[in-house]
Amino acid sequence: MVKDSRSRVKDVIKILQRLSTYLAYFGALSLFLMMCLTIMDVAGRCIFNKPVLGAYELTEFMILILIFSFLGYTQTKKSHISVDLFMMIIPDKFKIFIEILNHLACLVIMILIVWMGFGKAVEMMGTRESSPNLAVPSYPFVFFLVLGCAVLCIEFIKDIVFFLKSKKGGIN
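Residues numbered from 1 in each chain as written. Predicted model: local features only at pLDDT ≥ 70, side-chain atom pairs only at ≥ 80, totals over all residues. Heavy atoms only, no water.

Draft legend 1. Region of the structure containing a nonpolar patch on the surface. A contiguous nonpolar patch, built from Phe26, Leu29, Leu31, Phe32, Leu33 and Met35 and spanning about 550 Å² of accessible area, is present on the exposed surface. Its location among the elements puts Phe26 in helix 1 (residues 2-47). (Patch = residues over 30% accessible without salt bridge, like charges linked within 9 Å, V, L, I, M, F, W, Y side chains within 5 Å. Areas by Shrake-Rupley, 256 points an atom, 1.4 Å probe, with all protein chains shown as cover. Salt bridge = Lys/Arg side-chain N within 4 Å of Asp/Glu carboxyl O. Helix = DSSP H or I, 4+ residues; strand = E, 2+ residues; numbered from the N terminus.)

Draft legend 2. Quick peek at unusual backbone geometry. Despite not being glycine, Asn49 shows a phi value in the positive range, around 60 degrees. Checked against the element boundaries, Asn49 lands in the loop between helix 1 and helix 2 (55-69).

Draft legend 3. Layout of the state of the cysteines. Within the structure shown, the criterion is met by zero disulfides. Cys46 takes part in no disulfide bond, and the closest cysteine sulfur, belonging to Cys36, lies 17 Å away. With no disulfide of its own, Cys106 has Cys153 as its nearest cysteine by sulfur position, at a separation of 10 Å. (Disulfide = S-S within 2.5 Å.)

Draft legend 4. Inspection of the pattern of salt bridges at higher detail. All told, the structure shown has five salt bridges when counted by the stated rule. One salt bridge connects Asp159 with Lys78, and the closest N-O pair in it is separated by 2.9 Å. Of the two residues, Asp159 is situated in helix 5 (residues 139-167) and Lys78 in the loop between helix 3 (71-76) and helix 4 (92-127); the sequence distance between them amounts to 81 residues.

Draft legend 5. Molecular detail of the nonpolar core. Among the nonpolar cores identified, the biggest contains 19 residues, and Phe68, Met110 and Cys149 are the most heavily contacted of them. Listed by contribution, the elements that provide at least two residues to this core are helix 1, helix 2, helix 4 and helix 5. Tallying contributions element by element places helix 5 first for this core, with 10 residues. Contacts of Phe68, omitting those with residues within four sequence positions, involve Phe144, Leu145, Gly148 and Cys149. (Core = buried A, V, L, I, M, F, W, Y, C linked by side-chain atoms within 4.5 Å. Buried < 20%, exposed > 50% of the residue type's maximum accessible area, 1.4 Å probe, protein only. Contact = heavy atoms within 4.5 Å.)

Draft legend 6. Expanded view of helix 4. Compared with an ideal rise of 1.5 Å per residue, which puts 36 residues at 52 Å, helix 4 spans 52 Å between its outermost C-alpha atoms and is within 8% of the ideal. Of the residues one or two after helix 4, Arg128 is the one with positive phi, at around 55 degrees. (Expected span 1.5 Å × (residues − 1).)

Draft legend 7. Quick look at the side chain of Ser131. As for its position among the elements, Ser131 is in the loop between helix 4 and helix 5. Accessibility expressed as a relative area gives 7% for Ser131, which makes it buried.

Draft legend 8. Representation of the environment of Met125. Inspection of the secondary structure assignment puts Met125 in helix 4. As a C-alpha pair, Met125 and Val142 span 17 residues in sequence and 9.8 Å in three-dimensional space. Look past the residues within four positions of Met125 in its chain and what remains in contact with it is Tyr139 and Phe143.

Draft legend 9. Geometry of the environment of Leu145. By the secondary structure assignment, Leu145 is in helix 5. Between the alpha carbons of Leu145 and Leu64 there is a distance of 7.2 Å; along the sequence they are 81 residues apart.

Draft legend 10. Fine view of a positive patch on the surface. Together, Arg6, Lys10, Lys14, Arg18 and Lys165 line one region of the surface with positive charge. The biggest single contributor to the positive patch is helix 1, with four residues. Looking at the element boundaries, Lys14 is found in helix 1. The class of Lys14 is partly exposed, set by a relative accessible area of 47%. (Lys, Arg positive; Asp, Glu negative; His and termini not counted. Charge placed at Lys NZ, Arg CZ, Asp CG, Glu CD.)

Draft legend 11. Structural context of the packing of aromatic side chains. Inspection of every chain in the model, using the stated rule, returns five aromatic pairs. Here Phe162 and Phe163 contribute two aromatic rings whose centre-to-centre distance is 6.3 Å and whose plane-to-plane angle is 55 degrees, an arrangement assigned as tilted. Judged by relative accessible area, which is 41%, Phe162 ranks as partly exposed. Cluster of aromatic residues (ring-pair linked, three or more members): Phe118, Tyr139 and Phe143. (Phe/Tyr/Trp six-rings, centres within 6.5 Å; stacked < 30°, edge-to-face > 60°.)

The following block contains the structure:
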């Protein structure tokens, strides 16, 4: 029974890592497309005196995709910026406690963002809010924000469970 639950947990962790990786690839594609769009916009403006219509709007949407696609992946790799100035002098028992508190606080904030973002996306879908020049619907991008933050929430939960297990004697 214990092995079954551990294998299920490992399977869920693998799925989460794949999802985070795929979102990161999607974010990298967004960055590449944003670079191409910027090059075309600058070249069109300088050479032909005709910038790309809606380049600013598309760049805004792609920046949103870029940022929120990497949140979970960055947490998986433990690459978020942290200031550990005082952590070097704190005993290990307190370090784990502080890490758990930190992750819990971040989890609560991300849950609020997911909750409010989902509500906003549904509202935008109902009002058919779109960008001014290209009339691109805005709600899919807010749903993407919700997805990125939800993946980060799951990562925080995974890390909190790992910290709690490591406090009790390790995790296999």
